[in-house]
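So you can see what is in the structure, the chains are spelled out below.
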Amino acid sequence: MKIGLTLEGGAMRGMYTAGVLDTFLEEGIRADMVAGASAGALFGANFLSGQKGRVIRYNKRFNRDPNYIGLRPLLREGNIVSTPYAYEKVPRELDPFDDETFRASGIPFYAVITDMDSGLAEYVRICSVFEQMDVLRASGSMPFVSRPVRIGEKQYLDGGIADPIPFRYLADQGCDRQIVVLTRDASYRKKPMSKAAVRAYGRYPRLQQRLLSRHQEYNDALELLQAWAREGRAFVIRPSEPIRIGRIEKDPQRLQQVYELGVKDAHDRLAELKNWMEK
(Lines give C-alpha, C1' and ligand atoms only; values in the text may rest on other atoms or scores of the structure.)
Protein backbone atom coordinates (compact mmCIF):
# COMPACT_ATOMS: atom_id res chain seq x y z
CA MET A 1 0.00 0.00 0.00
CA LYS A 2 1.31 3.43 -0.98
CA ILE A 3 0.65 6.63 0.95
CA GLY A 4 0.77 9.90 -0.96
CA LEU A 5 1.29 13.41 0.35
CA THR A 6 -0.64 16.18 -1.42
CA LEU A 7 0.21 19.84 -0.79
CA GLU A 8 -2.13 22.69 -1.72
CA GLY A 9 -0.69 26.04 -2.76
CA GLY A 10 -1.72 29.45 -1.52
CA ALA A 11 1.27 31.82 -1.70
CA MET A 12 2.29 32.83 1.85
CA ARG A 13 -0.43 30.64 3.34
CA GLY A 14 2.21 28.04 2.54
CA MET A 15 3.82 28.94 5.87
CA TYR A 16 1.08 26.75 7.33
CA THR A 17 2.21 23.84 5.16
CA ALA A 18 5.80 24.51 6.23
CA GLY A 19 4.78 24.15 9.87
CA VAL A 20 2.97 20.89 9.18
CA LEU A 21 5.86 19.43 7.18
CA ASP A 22 8.47 20.44 9.75
CA THR A 23 6.41 18.56 12.33
CA PHE A 24 6.35 15.54 10.02
CA LEU A 25 10.14 15.69 9.73
CA GLU A 26 10.46 15.94 13.49
CA GLU A 27 8.11 12.99 14.06
CA GLY A 28 9.35 10.77 11.25
CA ILE A 29 6.19 10.92 9.14
CA ARG A 30 7.00 9.80 5.60
CA ALA A 31 5.17 9.31 2.32
CA ASP A 32 5.79 7.16 -0.76
CA MET A 33 5.01 9.95 -3.22
CA VAL A 34 4.51 13.73 -3.01
CA ALA A 35 2.68 16.20 -5.25
CA GLY A 36 2.34 19.95 -4.78
CA ALA A 37 0.91 22.90 -6.64
CA SER A 38 2.35 26.40 -6.50
CA ALA A 39 3.60 27.11 -2.96
CA GLY A 40 2.90 23.48 -2.14
CA ALA A 41 5.59 22.49 -4.64
CA LEU A 42 8.02 25.30 -3.81
CA PHE A 43 7.91 24.78 -0.07
CA GLY A 44 7.24 21.04 -0.18
CA ALA A 45 10.58 20.33 -1.83
CA ASN A 46 12.23 21.10 1.53
CA PHE A 47 10.43 18.09 3.02
CA LEU A 48 12.44 15.71 0.83
CA SER A 49 15.65 17.66 1.38
CA GLY A 50 15.09 17.23 5.12
CA GLN A 51 15.63 20.93 5.81
CA LYS A 52 13.44 21.52 8.83
CA GLY A 53 12.94 25.24 9.45
CA ARG A 54 14.32 26.44 6.12
CA VAL A 55 11.03 27.69 4.62
CA ILE A 56 10.03 29.90 7.53
CA ARG A 57 13.64 31.05 7.99
CA TYR A 58 14.29 32.36 4.49
CA ASN A 59 10.82 33.87 4.08
CA LYS A 60 11.15 35.83 7.32
CA ARG A 61 14.60 36.96 6.28
CA PHE A 62 14.03 37.95 2.65
CA ASN A 63 10.36 38.89 2.28
CA ARG A 64 11.12 42.27 3.83
CA ASP A 65 13.56 43.09 1.04
CA PRO A 66 11.72 45.17 -1.62
CA ASN A 67 14.05 43.71 -4.24
CA TYR A 68 12.90 40.17 -3.37
CA ILE A 69 9.13 40.45 -3.46
CA GLY A 70 6.65 43.22 -4.22
CA LEU A 71 6.21 46.18 -6.54
CA ARG A 72 9.89 46.68 -7.36
CA PRO A 73 10.50 43.27 -8.99
CA LEU A 74 7.04 43.43 -10.57
CA LEU A 75 7.93 46.67 -12.37
CA ARG A 76 11.49 45.62 -13.15
CA GLU A 77 10.96 41.99 -14.18
CA GLY A 78 7.23 41.54 -14.60
CA ASN A 79 7.28 39.12 -11.64
CA ILE A 80 6.06 39.96 -8.18
CA VAL A 81 8.73 37.57 -6.85
CA SER A 82 12.17 38.28 -8.28
CA THR A 83 13.41 35.39 -10.42
CA PRO A 84 17.20 35.83 -10.00
CA TYR A 85 16.89 36.64 -6.29
CA ALA A 86 14.31 34.07 -5.15
CA TYR A 87 15.09 31.19 -7.51
CA GLU A 88 18.83 31.50 -7.90
CA LYS A 89 20.61 33.60 -5.28
CA VAL A 90 18.69 32.42 -2.22
CA PRO A 91 18.68 28.63 -2.85
CA ARG A 92 22.22 28.52 -4.22
CA GLU A 93 24.02 31.06 -2.01
CA LEU A 94 22.14 32.83 0.78
CA ASP A 95 20.18 29.90 2.28
CA PRO A 96 21.33 26.86 0.28
CA PHE A 97 18.86 24.18 -0.71
CA ASP A 98 20.17 20.63 -0.21
CA ASP A 99 19.57 19.25 -3.69
CA GLU A 100 21.81 16.26 -3.02
CA THR A 101 19.60 15.02 -0.17
CA PHE A 102 16.47 15.79 -2.21
CA ARG A 103 17.75 13.66 -5.10
CA ALA A 104 18.88 10.86 -2.78
CA SER A 105 15.47 10.58 -1.09
CA GLY A 106 14.19 8.35 -3.88
CA ILE A 107 10.65 9.60 -3.27
CA PRO A 108 8.84 10.73 -6.44
CA PHE A 109 7.99 14.42 -6.19
CA TYR A 110 5.63 16.07 -8.68
CA ALA A 111 5.03 19.77 -9.33
CA VAL A 112 1.81 20.89 -11.03
CA ILE A 113 2.02 23.49 -13.79
CA THR A 114 -0.71 24.95 -16.03
CA ASP A 115 -0.29 24.96 -19.81
CA MET A 116 -1.51 28.38 -20.97
CA ASP A 117 -2.65 27.17 -24.40
CA SER A 118 -4.73 24.20 -23.25
CA GLY A 119 -5.59 25.40 -19.73
CA LEU A 120 -4.76 21.90 -18.53
CA ALA A 121 -2.57 20.72 -15.69
CA GLU A 122 0.73 18.97 -16.33
CA TYR A 123 2.50 16.99 -13.63
CA VAL A 124 6.29 17.05 -13.82
CA ARG A 125 8.45 14.81 -11.70
CA ILE A 126 11.21 16.86 -10.10
CA CYS A 127 14.40 14.82 -9.89
CA SER A 128 16.67 17.80 -9.19
CA VAL A 129 15.46 21.15 -7.90
CA PHE A 130 18.44 23.02 -9.34
CA GLU A 131 18.20 21.39 -12.76
CA GLN A 132 14.42 21.86 -12.95
CA MET A 133 14.05 25.22 -11.25
CA ASP A 134 12.02 26.59 -14.19
CA VAL A 135 9.34 23.97 -13.55
CA LEU A 136 9.06 24.97 -9.90
CA ARG A 137 9.08 28.63 -10.88
CA ALA A 138 6.24 27.98 -13.33
CA SER A 139 4.26 26.15 -10.65
CA GLY A 140 4.55 29.21 -8.38
CA SER A 141 3.98 31.92 -11.03
CA MET A 142 0.80 33.54 -9.79
CA PRO A 143 -1.53 34.77 -12.55
CA PHE A 144 -1.74 38.50 -13.27
CA VAL A 145 1.47 39.28 -11.35
CA SER A 146 3.93 36.90 -13.04
CA ARG A 147 5.34 36.48 -16.50
CA PRO A 148 4.68 33.09 -18.12
CA VAL A 149 7.54 30.62 -17.88
CA ARG A 150 8.64 29.06 -21.16
CA ILE A 151 9.61 25.39 -20.98
CA GLY A 152 10.39 23.92 -24.36
CA GLU A 153 7.82 25.20 -26.83
CA LYS A 154 5.10 25.88 -24.24
CA GLN A 155 4.33 28.61 -21.74
CA TYR A 156 3.16 27.88 -18.23
CA LEU A 157 1.68 29.54 -15.17
CA ASP A 158 0.70 28.63 -11.61
CA GLY A 159 -0.21 24.97 -11.16
CA GLY A 160 -2.94 26.06 -8.77
CA ILE A 161 -4.99 27.32 -11.71
CA ALA A 162 -5.61 23.87 -13.17
CA ASP A 163 -5.20 21.56 -10.16
CA PRO A 164 -4.63 23.25 -6.81
CA ILE A 165 -5.07 20.04 -4.77
CA PRO A 166 -3.57 17.23 -6.87
CA PHE A 167 -4.80 14.31 -4.76
CA ARG A 168 -6.55 12.66 -7.73
CA TYR A 169 -3.29 12.62 -9.66
CA LEU A 170 -1.49 10.75 -6.88
CA ALA A 171 -4.37 8.27 -6.75
CA ASP A 172 -3.86 7.66 -10.47
CA GLN A 173 -0.17 7.02 -9.73
CA GLY A 174 -1.06 4.20 -7.37
CA CYS A 175 -1.41 5.89 -3.97
CA ASP A 176 -4.11 3.99 -2.11
CA ARG A 177 -4.36 6.58 0.64
CA GLN A 178 -3.22 10.14 1.02
CA ILE A 179 -2.30 12.76 3.55
CA VAL A 180 -3.60 16.07 2.21
CA VAL A 181 -2.42 19.40 3.60
CA LEU A 182 -4.76 22.29 2.79
CA THR A 183 -4.17 25.98 3.44
CA ARG A 184 -7.80 27.01 3.88
CA ASP A 185 -10.01 26.30 6.88
CA ALA A 186 -13.07 24.05 6.69
CA SER A 187 -15.52 26.91 6.09
CA TYR A 188 -13.76 28.19 2.95
CA ARG A 189 -15.31 27.96 -0.49
CA LYS A 190 -13.79 29.68 -3.51
CA LYS A 191 -15.77 32.47 -5.17
CA PRO A 192 -16.00 33.20 -8.92
CA MET A 193 -13.30 35.29 -10.54
CA SER A 194 -14.19 38.55 -12.25
CA LYS A 195 -14.71 38.22 -16.01
CA ALA A 196 -13.00 41.57 -16.43
CA ALA A 197 -9.85 40.24 -14.74
CA VAL A 198 -9.39 37.31 -17.09
CA ARG A 199 -9.38 39.60 -20.13
CA ALA A 200 -5.67 39.98 -19.44
CA TYR A 201 -5.32 36.54 -21.03
CA GLY A 202 -7.33 37.24 -24.16
CA ARG A 203 -4.77 35.37 -26.29
CA TYR A 204 -5.43 32.21 -24.27
CA PRO A 205 -9.17 31.41 -24.39
CA ARG A 206 -8.80 27.98 -22.75
CA LEU A 207 -6.85 29.50 -19.89
CA GLN A 208 -9.53 32.17 -19.54
CA GLN A 209 -12.21 29.51 -19.30
CA ARG A 210 -10.18 27.63 -16.71
CA LEU A 211 -9.86 30.74 -14.59
CA LEU A 212 -13.60 31.39 -14.83
CA SER A 213 -14.51 27.81 -13.85
CA ARG A 214 -11.76 27.51 -11.27
CA HIS A 215 -14.00 28.23 -8.28
CA GLN A 216 -16.44 25.43 -9.13
CA GLU A 217 -13.68 22.94 -9.85
CA TYR A 218 -11.99 23.80 -6.57
CA ASN A 219 -15.19 23.49 -4.55
CA ASP A 220 -16.05 20.19 -6.26
CA ALA A 221 -12.58 18.89 -5.40
CA LEU A 222 -13.18 19.76 -1.74
CA GLU A 223 -16.44 17.79 -1.76
CA LEU A 224 -14.71 14.75 -3.26
CA LEU A 225 -11.85 15.05 -0.79
CA GLN A 226 -14.30 15.11 2.10
CA ALA A 227 -15.88 11.92 0.78
CA TRP A 228 -12.45 10.28 0.57
CA ALA A 229 -11.75 11.34 4.15
CA ARG A 230 -14.98 9.72 5.34
CA GLU A 231 -13.99 6.53 3.53
CA GLY A 232 -10.53 6.52 5.09
CA ARG A 233 -8.81 7.12 1.74
CA ALA A 234 -7.57 10.55 2.80
CA PHE A 235 -6.36 12.18 5.99
CA VAL A 236 -6.85 15.93 5.73
CA ILE A 237 -4.92 18.49 7.77
CA ARG A 238 -6.20 22.03 7.35
CA PRO A 239 -6.07 25.28 9.34
CA SER A 240 -8.12 25.08 12.52
CA GLU A 241 -8.93 28.76 12.06
CA PRO A 242 -9.02 31.11 9.05
CA ILE A 243 -5.58 32.25 7.92
CA ARG A 244 -5.45 36.01 7.50
CA ILE A 245 -2.23 36.75 5.70
CA GLY A 246 -1.31 38.61 2.53
CA ARG A 247 -0.36 36.66 -0.59
CA ILE A 248 3.01 38.41 -0.46
CA GLU A 249 3.12 38.91 3.29
CA LYS A 250 6.26 40.70 4.50
CA ASP A 251 5.65 40.88 8.25
CA PRO A 252 7.89 38.24 9.92
CA GLN A 253 5.59 38.03 12.93
CA ARG A 254 2.55 37.19 10.82
CA LEU A 255 4.53 34.62 8.85
CA GLN A 256 5.62 33.05 12.12
CA GLN A 257 2.05 32.95 13.43
CA VAL A 258 0.82 31.04 10.39
CA TYR A 259 3.78 28.66 10.62
CA GLU A 260 3.09 28.01 14.29
CA LEU A 261 -0.56 27.29 13.51
CA GLY A 262 0.64 24.56 11.13
CA VAL A 263 2.91 23.14 13.82
CA LYS A 264 0.09 23.19 16.37
CA ASP A 265 -2.52 21.62 14.09
CA ALA A 266 -0.10 18.88 13.03
CA HIS A 267 0.79 18.06 16.64
CA ASP A 268 -2.90 18.05 17.62
CA ARG A 269 -3.65 15.46 14.91
CA LEU A 270 -0.44 13.46 15.23
CA ALA A 271 -1.77 10.49 17.22
CA GLU A 272 -4.79 10.27 14.93
CA LEU A 273 -2.56 10.43 11.85
CA LYS A 274 -0.20 7.70 13.09
CA ASN A 275 -3.15 5.46 13.87
CA TRP A 276 -4.59 6.08 10.38
CA MET A 277 -1.23 5.25 8.76
CA GLU A 278 -0.89 2.00 10.70
CA LYS A 279 -4.28 0.65 9.64
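It should be emphasised that the depicted structure is a prediction, and the values quoted were computed from it without experimental measurement.

**Student:** Would you mind going over the layout of surface pockets with me for this structure?
**Tutor:** Sizing a probe to match a water molecule and rolling it over the atoms shows the empty space that remains. There is about 530 Å³ of room inside the largest pocket. Forming the boundary of the largest pocket are 26 residues, of which Arg184, Lys190, Met193, Arg214 and Arg247 lie nearest the centre. Among the elements that make up the lining of the largest pocket, the one with the highest residue count is helix 10 (residues 205-231) (four residues). For the lining of the largest pocket, the per-class residue count stands at 13 nonpolar, five polar and eight charged. When its volume is computed, the second largest pocket comes out at roughly 160 Å³. In terms of lining residues, the second largest pocket is bounded by Glu241, Pro242, Ile243, Arg244, Arg254, Gln257, Val258 and Leu261.

**Student:** What am I meant to see in the nonpolar core here?
**Tutor:** Nonpolar side chains tend toward joint burial in soluble globular proteins. Membership of the largest hydrophobic core comes to 57 residues, with the highest contact counts inside it found for Leu5, Met15 and Phe24. Considering each element in turn, this core owes the most residues, seven residues, to helix 1 (residues 14-27). Setting aside residues no more than four positions away along its own chain, methionine 15 makes contact with Phe43, Val55, Ile56, Asn59, Leu255, Val258 and Tyr259. Counting residues in each nonpolar core, the second largest holds twelve residues, with Ile165, Tyr218, Leu222 and Trp228 among its members.

**Student:** Is there a simple way to explain the pairing of strand 7 (residues 177-181) in this structure?
**Tutor:** Successive side chains on a regular strand alternate, one facing one side of the sheet and the next facing the other. Among the five residues of strand 7, five are classified as buried, and the element is accordingly described as predominantly covered. Judged by which residues are buried, strand 7 turns out to be covered on both faces: Arg177, Ile179 and Val181 on one side and Gln178 and Val180 on the other are all buried. Note: strand 1 (residues 3-7) against strand 7, five bridges, orientation parallel. Residue pairing across strands places leucine 5 opposite isoleucine 179, the latter belonging to strand 7. For the crossover that starts at strand 7, traverses helix 10 and ends in the parallel strand 8 (residues 234-237), the hand is right-handed.

**Student:** Would you take a moment to explain empty space enclosed by the protein for this structure?
**Tutor:** Taken as a whole, this structure holds three cavities of 30 Å³ or more when the rule is applied. Here the largest cavity is characterised by a volume of approximately 410 Å³. At the level of elements, helix 2 (39-48), helix 3 (54-62), helix 5 (83-94) and helix 7 (133-139) are the ones that each hand at least two residues to the lining of the largest cavity. Top contributing element to the lining of the largest cavity by residue count: helix 2, with five residues. Split into classes, the residues belonging to the lining of the largest cavity amount to 20 nonpolar, five polar and two charged. Estimated volume of the second largest cavity: approximately 80 Å³. Lining the second largest cavity, in full, are Asn79, Ile80, Val81, Thr83, Tyr87, Arg137, Gly140, Ser141, Met142 and Ser146.

**Student:** Teacher, can you tell me more about the pairing of strand 3 (residues 109-115) here?
**Tutor:** For strand 3, the tally of buried residues reaches seven of seven residues, placing the bulk of the element in the interior. Burial along strand 3 is two-sided: Phe109, Ala111, Ile113 and Asp115 facing one way and Tyr110, Val112 and Thr114 facing the other are all buried. One ladder, built from four bridges, connects strand 2 (residues 33-37) with strand 3; its direction is parallel. By the bridge assignment for strand 3, valine 34 is matched with phenylalanine 109. Pairing of strand 3 with strand 4 (residues 121-125) involves five bridges; the strand directions are antiparallel. Paired with alanine 111 across the strands is valine 124, a residue of strand 4.

**Student:** Sorry if this is basic, but what is going on with the environment of tyrosine 58 here?
**Tutor:** Relative to the assigned elements, tyrosine 58 resides in helix 3. Residue tyrosine 58 is classed as buried on the basis of its relative accessible area, which comes to 9%. Spatially, the C-alpha atom of tyrosine 58 lies 17 Å from that of isoleucine 80, the residues being 22 residues apart in sequence. Leaving out residues up to four positions away in the same chain, tyrosine 58 has contacts with Phe43, Asn63, Tyr68, Val90 and Asp95.

**Student:** Looking at this structure, I do not really get helix 1. What am I missing?
**Tutor:** Along an α-helix, residues three or four apart share an orientation, since each turn contains 3.6 residues. With 14 residues, helix 1 should reach 20 Å at 1.5 Å per residue; the first-to-last C-alpha distance of 20 Å fits that figure. Counting buried residues in helix 1 gives twelve out of 14 residues, a clear majority hidden from the surface. Burial in helix 1 covers these residues: Gly14, Met15, Tyr16, Thr17, Ala18, Gly19, Val20, Leu21, Asp22, Thr23, Phe24 and Leu25. Positive backbone phi, at 75 degrees, marks glycine 28, one or two positions downstream of helix 1.

**Student:** What exactly am I supposed to notice about the environment of proline 252 here?
**Tutor:** Mapping proline 252 onto the fold places it in helix 11 (residues 252-268). For the pair formed by proline 252 and phenylalanine 62, sequence separation is 190 residues and the distance between their alpha carbons is 9.5 Å. Beyond its immediate chain neighbours, meaning those up to four positions away, proline 252 contacts Lys60 and Arg64.

What counts, and at which threshold
Residues numbered from 1 in each chain as written. Predicted model: local features only at pLDDT ≥ 70, side-chain atom pairs only at ≥ 80, totals over all residues. Heavy atoms only, no water. 1 Å grid on protein atoms, 1.4 Å probe; cavity = no way out; pocket = protein on both sides within 12 Å on 5 of 7 lines; lining within 4 Å. Points joined across faces, edges and corners; volume = space filled by probe spheres on them. Helix = DSSP H or I, 4+ residues; strand = E, 2+ residues; numbered from the N terminus. Nonpolar A, V, L, I, M, F, W, Y, C, P; charged D, E, K, R; others polar. Core = buried A, V, L, I, M, F, W, Y, C linked by side-chain atoms within 4.5 Å. Buried < 20%, exposed > 50% of the residue type's maximum accessible area, 1.4 Å probe, protein only. Contact = heavy atoms within 4.5 Å. Pairing = 2+ DSSP bridges. Right-handed = clockwise from strand over helix to strand, strands pointing away. Expected span 1.5 Å × (residues − 1).

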